[in-house]
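# Summary of structural features
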Amino acid sequence: MGMHRHLIFLLLLFLLLLLYAPGTFVRATDLPDLPRVVALSEDVAPGTLVAKVNVSCSNTSSSPNVTLHGIDPGHPFNPIAVSADPVATTTFWAEVTLRAGAQLDAHQVNQYTLTLWAACPGEEEVEKQLFVRVTADQALRCDTPFASVEGDVVQVLADVAPWTPLYAVLPQPLGGLTFRLRNHDTPLMLTHRGLVLAPASGFDPSKDIQTFRLEIEVMDHHGHNCSGAVRVEVLPPRRPRVTFLELQQAVTVPEGTGPLELVTQVRASGDNIHYAILAPTAPVLFTIDEMTGEIRSTRRLEVAHTHLIVQAYNALHPTDHATATLNITVQGTDQRAPSCVPAIVVYGLGWGAGCGSAPPCPGQRGQKLSRWPPRRRSQVPETMSPGSTLVTLRCTGAEGNLRYALEGPPASRSRFRMDGPQLQVNTTLDYDSEATDTMGFQFTATIVVMVGGQPSQSTRVPMLVTVTPVNEFTPVCPNGATFTVMETAAFGSTVGRVTGTDRDYPRDSLEYSLEAGPGPAQPFSVDTHGEIRVVGPLDSQRHKSYRLTVRLTDTHNDLDPANRRSCLCDVTVRLQAVPAQVPVCTPEVQELRIMAGLGGHQPVTRVVCQASPNGATLAYAITGGNEDGHFRLEGNTLFYLPGDLAEPHTFMLLVEVWGGPSGPRHSTVVALVVHVTPQSTAVPPSTTPLHTTLQKEPLVITRTEAVWHPVAWFVAVLTISGALLLATLGCAARNLLCSNRDPGKLLLSKSSWDVEEQRGSEEEQGHPQANSMVSVCHNSEGGCPAKAWVGTLGHSAPALTSPLHRGSLMAVRRTHALEGTISSTA
């Protein structure tokens, strides 16, 4: 009895140790510090950290899997990046960031709902939601074209009316804004409402293309500001401009010409031409017909010299106008002023000394030389050297010494000189200078020929010299012509603009072209204005950058169009990589049931996927589960091909979806579970349309169980102690059995123990797979082996009814039951 009490005490002690032993619980993956709501301003830069979440795992063998679910395909977030905590081995960090190129707009989307799905290896997964609120930016923003480096571009015609609005900086009625013009070297005007107006005097329609740049700063009453630029390109008018056929005329009429007699007629080309005399403002001797341009005398003329400025203008567009100068000399019949050939100097080849190759000199036909109009016109190249002779006057009909002088504007008198009767170049005629541009590239003067220095006996010969351009300078390449473009840029997107320089007038009049042209190895094109555009697919993995050779050729810089200069410039275009995104399919798993029909193939379902960027072409292919070729994909539609299927069959199809052929391949897989039921009898063809079974969304149920997981040392101690206890109990039972009077024969009284043991034996025979509680061996000598075999408790172990052993046996059974739970958990 003492030994049994001792064993019972030990058993109870181990039971208490079992109940109160320390241990840990296997728990599911946890996101303990996930914020509920995160506020994000719409002006944050791409790549900004939205939230950093702690992921707690019990297993440190590998990092957890954290993904985003339940968001639109075009969301602005990157895939979640997971990193290990350097201190805690079971802690990981998951970061939610904005993707490259993300632009938040609180007016369009003011909240994103993110579902974070996290799962550690060997543990249950968890789902939690994160709400990202987008707040409106309080800073003042200008429109994208206006706020760009090159600024917005506006093209207008040169004949636009004065004060016409050309551009609005901020078209929306914000109110309370102040607009300030940073540069003042422009004739354009900026109003307090942000409107750019045409000049008060309009644009000059005589110029080809004019460009004006305005740098504007916008500020609100809070002090927030933004700035940008506007480039106004003034194009030539589409209608013909008003021009005079002759800009200057010298007319000599005899003294005594009566009233309303025709003196001369001016002619101009253009539309709706009208004429008027600008100077003198109140003409006394002459008048002009507004429609025909005929100039007539108003009274009987006396000896005089009159200078008229005549204007021709478009009656519908008065800003389109031109002017001409007339020198009218009323010569008395008794004066003997010299007569000179030519009477008007419009410098041209063939005039030289005398008439040259011009028509017969008027003196040969007895006409007055001063009324002989010019017949030819040419120009003087800007490279003509000083001292060159332009024309030599031949004056006759006067006695005495002739003196020659030059009258006119200082610019003309400084560039030309008279060497006797020869008109010569005095200084370089630079066509590319601003002074020559101001003069309209024409110099006017008057050659005064006097007899003996007496002004009363003099003849005036008007002079007009037109300077023509010569292509002297080679275009110059821009410094550091490097551009960057996203590899996802669409066809026709603008990469940048090459801007070269040329010192010839007109300044920077260049045409651009791409050497070798665009092709597979060079997916860019360059237009005549230097705009670089995308004309082919881009892949940053194949090419990090492209080197383009652009030819700059000047134009309109020489009188001879064939005389052009060019240079080659190297332009670098770098590709900016964009993180690739796989197609998103909804749903990712479908379960379908169809009835196999007869005849041709029948549609089953359609795989709905969306590519990123939107609009990209997707490709579909069955990669698994298509046994005997019963299914076929045509685009994104799955068809069933009837065959010799006799019994219902379930197909597990895997469909791979990826982007277009260009660039690396990023794909996703859609699982299709198709239950096919063949028809038992032949069914005649029917015109009833096929109804596809509605797809059922899979229901995911997450269950978290907390189980007891003792430490390893406690399991080992408990196992050894239990084995020793059972061995002790076995020895005790053997002693009881060996105490029988016949040592070679085992005698047992009919007690409750015998009954239960016999019942246990019968149950063991009925359940051969069950384990017995204790197995005791017996030999003829009445002894037990040194080691007794101890088995594990099973569900078929006999129940003890003996008062002495019931409590201990129950404790042992519970110990082994818990041990079985531990083994199954491990």
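Procedures and definitions
- Residues numbered from 1 in each chain as written.
- Predicted model: local features only at pLDDT ≥ 70, side-chain atom pairs only at ≥ 80, totals over all residues.
- Heavy atoms only, no water.
- Helix = DSSP H or I, 4+ residues; strand = E, 2+ residues; numbered from the N terminus.
- Contact = heavy atoms within 4.5 Å.
- Phe/Tyr/Trp six-rings, centres within 6.5 Å; stacked < 30°, edge-to-face > 60°.
- Buried < 20%, exposed > 50% of the residue type's maximum accessible area, 1.4 Å probe, protein only.
- Lys NZ or Arg CZ within 6 Å of the ring centre and 35° of its normal.
- Polar contact = N/O pair within 3.5 Å; in protein donor to acceptor, adjacent residues only side chain to side chain.
- Core = buried A, V, L, I, M, F, W, Y, C linked by side-chain atoms within 4.5 Å.
- pLDDT = per-residue confidence, 0-100.
- Pairing = 2+ DSSP bridges.
- Axes fitted to C-alpha atoms, helices over the stretch in contact; angles between N-to-C directions.
- Disulfide = S-S within 2.5 Å.
- Expected span 1.5 Å × (residues − 1).
- Salt bridge = Lys/Arg side-chain N within 4 Å of Asp/Glu carboxyl O.

## A look at the overall build of the chain
Along its length, the chain carries seven helices and 51 strands. A separation of at least 24 residues holds for 68% of the contacts in the chain among residues at least 6 apart in sequence.

## So, the packing of aromatic side chains
Counted according to the given criterion, the structure contains eleven aromatic pairs. Ring geometry for Phe416 and Phe443: centres 5.9 Å apart, planes at 70°, overall edge-to-face. Within this pair, whereas Phe416 is found in strand 31 (residues 416-419), its partner Phe443 is found in strand 33 (residues 442-451), the two being separated by 27 residues in sequence. As far as the burial class goes, Phe416 and Phe443 line up, both buried. Note that Lys52 overlies the ring of Trp93, its terminal NZ or CZ placed 5.2 Å from the centroid. When the ring centre of Phe473 is taken as origin, the NZ or CZ atom of Arg503, which lies over that ring, is 4.0 Å away.

## Describing the side chain of Thr459
Turning to its location among the elements, Thr459 is positioned in strand 34 (residues 454-468). Taking relative accessible area as the criterion, Thr459 reaches 12% and is therefore assigned buried. Side-chain polar atoms of Thr459 contact the backbone oxygen of Pro338, separated by 2.2 Å. Residue contacts for Thr459: discarding those within four places in its chain leaves Ala337, Pro338, Ser339, Ile447, Val448 and Val449.

## Let's talk about the nonpolar core
Core analysis: the largest hydrophobic core is formed by 29 residues, its most contacted members being Phe77, Leu114 and Leu116. At the level of elements, strand 2 (37-41), strand 3 (49-56), strand 4 (65-69), strand 6 (91-97), strand 7 (111-119) and strand 8 (126-135) are the ones that each hand at least two residues to this core. When near neighbours in sequence (up to four residues on either side) are disregarded, Leu114 contacts Leu68, His69, Ile71, Phe77, Val96, Lys128, Gln129, Leu130 and Val132.

## Here's the deal with the confidence of the model for the chain
Confidence in the prediction of the chain, expressed as mean pLDDT, is 76, and 74% of residues score 70 or more. This stretch, residues 18-27, has a pLDDT under 50; its non-local contacts, to residues over four places away or in other chains, come to 26 contacts. Long-range and interchain partners of residues 743-826, a stretch whose pLDDT sits below 50, account for 83 contacts in this model, where long-range means more than four residues apart.

## Remarks on the environment of Gly387
Take Gly387: it is sitting in the loop between strand 27 (380-381) and strand 28 (389-392). Taking the relative accessible area as the measure of exposure, Gly387 reaches 32% and is therefore partly exposed. In this structure the C-alpha to C-alpha distance between Gly387 and Phe416, which are 29 residues apart in sequence, comes to 9.1 Å. Residue contacts for Gly387: discarding those within four places in its chain leaves Arg417, Gln424 and Val425.

## Remarks on the sheet that holds strand 31
Strand order in this open sheet of three strands is 28-32-31, and the pairing throughout is antiparallel. Only two strands of the sheet have a single neighbouring strand rather than two, namely strand 28 and strand 31. In this sheet, adjacent strand axes meet at a mean angle of 25° when their direction is disregarded. As paired elements, strand 28 and strand 32 (residues 422-425) share three bridges and run antiparallel to each other.

## Regarding the sheet that holds strand 20 (residues 273-279)
Strand order in this open sheet of four strands is 17-24-23-20, and the pairing throughout is mixed. A strand with exactly one partner marks an edge of an open sheet, and here the two such strands are strand 17 (248-254) and strand 20. With direction set aside, neighbouring strand axes in the sheet form an average angle of 30°. As defined by bridge partners, strand 20 adjoins strand 23 (residues 304-314) across six bridges and the pair is classed as antiparallel.

## Quick notes on the state of the cysteines
Across all of its chains, the model carries four disulfides by this definition. Two residues share a disulfide in this structure: Cys57 and Cys120, whose sulfurs sit 1.6 Å from each other. Across the S-S bond linking Cys57 and Cys120, the dihedral sits near -55°, which makes this disulfide left-handed. One end of the pair, Cys57, is in the loop between strand 3 and strand 4; the other, Cys120, is in the loop between strand 7 and strand 8, with 63 residues separating them in the sequence. Across the pair, Cys120 and Cys57 agree in class, each one buried. Paired through a disulfide, Cys477 and Cys569 show a sulfur-sulfur distance of 1.8 Å. Handedness here is read from the sign of the S-S torsion; for Cys477 and Cys569, about -85°, the answer is left-handed.

## A few points about the pairing of strand 15 (residues 225-235)
Along strand 15, eight of the eleven residues are buried, which leaves the element largely enclosed by surrounding structure. Where strand 14 (residues 210-219) lies against strand 15, ten bridges are found, and the strand directions are antiparallel. In the strand pairing of strand 15, Ile216 is matched with Gly228.

## Points about unusual backbone geometry
The peptide bond linking Val341 to Pro342 adopts the cis configuration, its omega dihedral lying at 0°. Along the chain, Pro342 turns up in the loop between strand 25 (339-341) and strand 26 (345-346). The omega torsion across Thr586 and Pro587 is -10°, close enough to zero to call that bond cis. Considering the arrangement of structural elements, one finds Pro587 in the loop between strand 42 (584-585) and strand 43 (589-596). Residue His556 is not a glycine yet carries a positive backbone phi of 60°.

## Structural notes on helix 5 (residues 712-738)
End to end, helix 5 covers 39 Å across 27 residues, agreeing with the expected 39 Å (1.5 Å per residue, within 8%). Where helix 5 is concerned, the buried positions are Phe714, Leu718, Ser721, Gly722, Leu725, Leu726, Leu729, Gly730, Ala732 and Arg734.

## Quick notes on the side chain of His75
Residue placement: His75 occurs in the loop between strand 4 and strand 5 (81-84). A distance of 3.1 Å separates a polar side-chain atom of His75 from the backbone nitrogen of Phe77.

## A closer look at the environment of Pro561
In this fold, Pro561 is placed in the loop between strand 40 (545-554) and strand 41 (566-576). C-alpha of Pro561 to C-alpha of Asn471: the two residues are 90 residues apart in sequence and 9.8 Å apart in space.

## Concerning the environment of Thr135
Following the sequence through the fold, Thr135 ends up in strand 8. Overall, Thr135 belongs to the partly exposed group, its relative accessible area being 35%. The sequence separation of Thr135 and Ala39 amounts to 96 residues, and the corresponding C-alpha distance is 6.9 Å. Residue contacts for Thr135: discarding those within four places in its chain leaves Leu40, Ser41, Glu42 and Ala106.

## Things to note about the pattern of salt bridges
The tally for this structure, following the rule as stated, stands at eleven salt bridges. One salt bridge in this structure joins Arg231 and Glu233, with 3.4 Å as the shortest N-O distance. Given the relative accessible area of 15%, Arg231 is considered buried. Judged by relative accessible area, Glu233 falls into the buried class, the value being 14%.

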